[in-house]
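Residue-level structural notes
Spelled out from the first residue to the last, the chains are:
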Amino acid sequence: MKIALVGPAHPYKGGGARHTTELAHRLAAAGHDVIIESWRAQYPSRLYPGQQTVDVPEGEPYPRTHRRLAWYRPDGWLAEGRRLRPADLVVFAYLTPLQAPPYLAIMAGLHRRARIVVICHNVLPHERRPGDVPLTRALLGRADTVITHSAAQAAQARDLAPAATVRTARIPPHLPATRPQTQATERAGFPAPAPTPLPGPAEPFAPARLLFFGIVRPYKGLDVLLRALAQAPAHVTLTVAGEFWADTTEMDNLIAELGLADRVTLCPGYVPADEIPALFGAADALVMPYREATASQNALLAFAHGVPVITTTAGALAEPVRDGVDGLTCAPGDTEDLLRVLKEFSDPQVARRLRAGIPAVDPDRGWADYLRVLLAG
């Protein structure tokens, strides 16, 4: 089958780009003729304040990737659709309504020559702008199939596009390719990894080192985590590693107000893939205190590095986590419930038990299931 994937790929960073790239590799390995149509300029910088691209790939780039799309060349969008008419299947990776106008133009250029699938990483943004709903409704209404990554997202898609065929598939692992580089992590300001204590009642497990990883935005609940941490046992510490959507002033002020300056380390900025192993090696648990969510790779990333997960049950965040086995779960936006699990995790025996329960991450099975849903007629 001739398949075109339209979406971000290297040098763009993040889970959407990694997912598109890994999907291309998996489809090609299954015998399909696959190209990626990506961007040379995806958004105006004023609409995305963070770092958009990276020099070093986060995984193996897909060789048949074209970068012909640009937000400032709408004439190129229609031309792209005409170029893709020989395809049997065109798959659009949808992460933000900013992509809807170019995607709609490409669909118009296709002139219904190919089956159209839209993969919704987010059906609607967590922080919405005027126009997000009508743009998304228009896009999903043009698709033959819409794929979402959770039941809640599927329901949202059906509300917007009742006539569309909506399917749900658990998002498979598309983890960044990493190589341990402790020195690089220390240069970036992250805490150096300490040896994991051997099991035994006499071994101390302090401090209990928590990690918040990834871009910091209001819906991710870092403020909730800080308020819970302020009431948790004093040996529980936190490192925040990732880009801040705004500057760090608000969090700096909250940390000072809560008296957490000696227990919280902020490491603002994008974390390159080769610094991830040492960062997770210095953590005893990954914390995802999100108020709301669709899905995330971060739990699988933690498990791949032998780190248990503390997460809210927002969206599909908790799906990979077995509560009390390889992680702990709590209600979203609930400081007291998050405090409960932080206190539980601060017990050294609980922390050791959760680490011992972490499963092996099996990408192949997840991707086989995902391709089956994607390619179903």
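Residues numbered from 1 in each chain as written. Predicted model: local features only at pLDDT ≥ 70, side-chain atom pairs only at ≥ 80, totals over all residues. Heavy atoms only, no water.

Before going further, it helps to spend a moment on the layout of surface pockets. Reported here for the second largest pocket is a volume of approximately 530 Å³. The wall of the second largest pocket is formed by 23 residues, among which Arg170, Ile171, Pro173, Leu300 and Gly366 lie closest to the centre. Put simply, the parts of the chain that give the lining of the second largest pocket at least two residues each are helix 10 (298-304) and helix 13 (363-375). The biggest single contributor to the lining of the second largest pocket is helix 13, with 5 residues. (1 Å grid on protein atoms, 1.4 Å probe; cavity = no way out; pocket = protein on both sides within 12 Å on 5 of 7 lines; lining within 4 Å. Points joined across faces, edges and corners; volume = space filled by probe spheres on them. Helix = DSSP H or I, 4+ residues; strand = E, 2+ residues; numbered from the N terminus.)

This next bit is on the packing of aromatic side chains. Per the counting criterion, the structure on display carries 5 aromatic pairs. Ring geometry for Trp71 versus Tyr72: centroids 5.5 Å apart, planes at 90 degrees, classification edge-to-face. The exposure class assigned to Trp71 is partly exposed, which follows from its relative accessible area of 36%. Residue classification places Tyr72 among the partly exposed residues on the basis of a relative accessible area of 44%. (Phe/Tyr/Trp six-rings, centres within 6.5 Å; stacked < 30°, edge-to-face > 60°. Buried < 20%, exposed > 50% of the residue type's maximum accessible area, 1.4 Å probe, protein only.)

Evaluated as defined, the whole model comprises 1 cavity of 30 Å³ or more. Considering only enclosed or pocket space, the largest cavity measures out at about 30 Å³ in volume. For the lining of the largest cavity, the elements supplying multiple residues, two or more each, are strand 1 (2-6), helix 1 (15-29) and strand 4 (89-94). Each residue belonging to the lining of the largest cavity can be placed in one class, and the counts come to 7 nonpolar, 2 polar and no charged. (Nonpolar A, V, L, I, M, F, W, Y, C, P; charged D, E, K, R; others polar.)

With that settled, the discussion passes to the pairing of strand 2 (residues 33-41). The side chains of a regular strand alternate between both faces of the sheet. Burial analysis of strand 2 places 7 of its 9 residues in the buried class, the great majority of the element. The pairing of strand 1 with strand 2 spans 5 bridges and is classified as parallel. By the bridge assignment, Val6 is partnered in strand 2 with Glu37. Following the chain from strand 1 across helix 1 to the adjacent parallel strand 2, one finds a crossover that is right-handed. For strand 2 and strand 3 (residues 65-70), the ladder comprises 5 bridges, and the chain directions are parallel. Its bridge partner being in strand 3, Trp39 is matched across the sheet by Leu69. (Pairing = 2+ DSSP bridges. Right-handed = clockwise from strand over helix to strand, strands pointing away.)

Further remarks concern the nonpolar core. Ranked by internal contacts, the top residues of the largest apolar core, which has 36 residues, are Val90, Phe92 and Val118. Among the secondary structure elements, those contributing two or more residues to this core are strand 1, strand 2, strand 4, helix 3 (100-110), strand 5 (115-120), helix 4 (132-141) and helix 5 (151-160). With sequence-adjacent residues up to four places away left out, Val90 is seen in contact with Ala4, Val6, Leu84, Leu110, Ala114, Arg115, Ile116 and Val117. (Core = buried A, V, L, I, M, F, W, Y, C linked by side-chain atoms within 4.5 Å. Contact = heavy atoms within 4.5 Å.)

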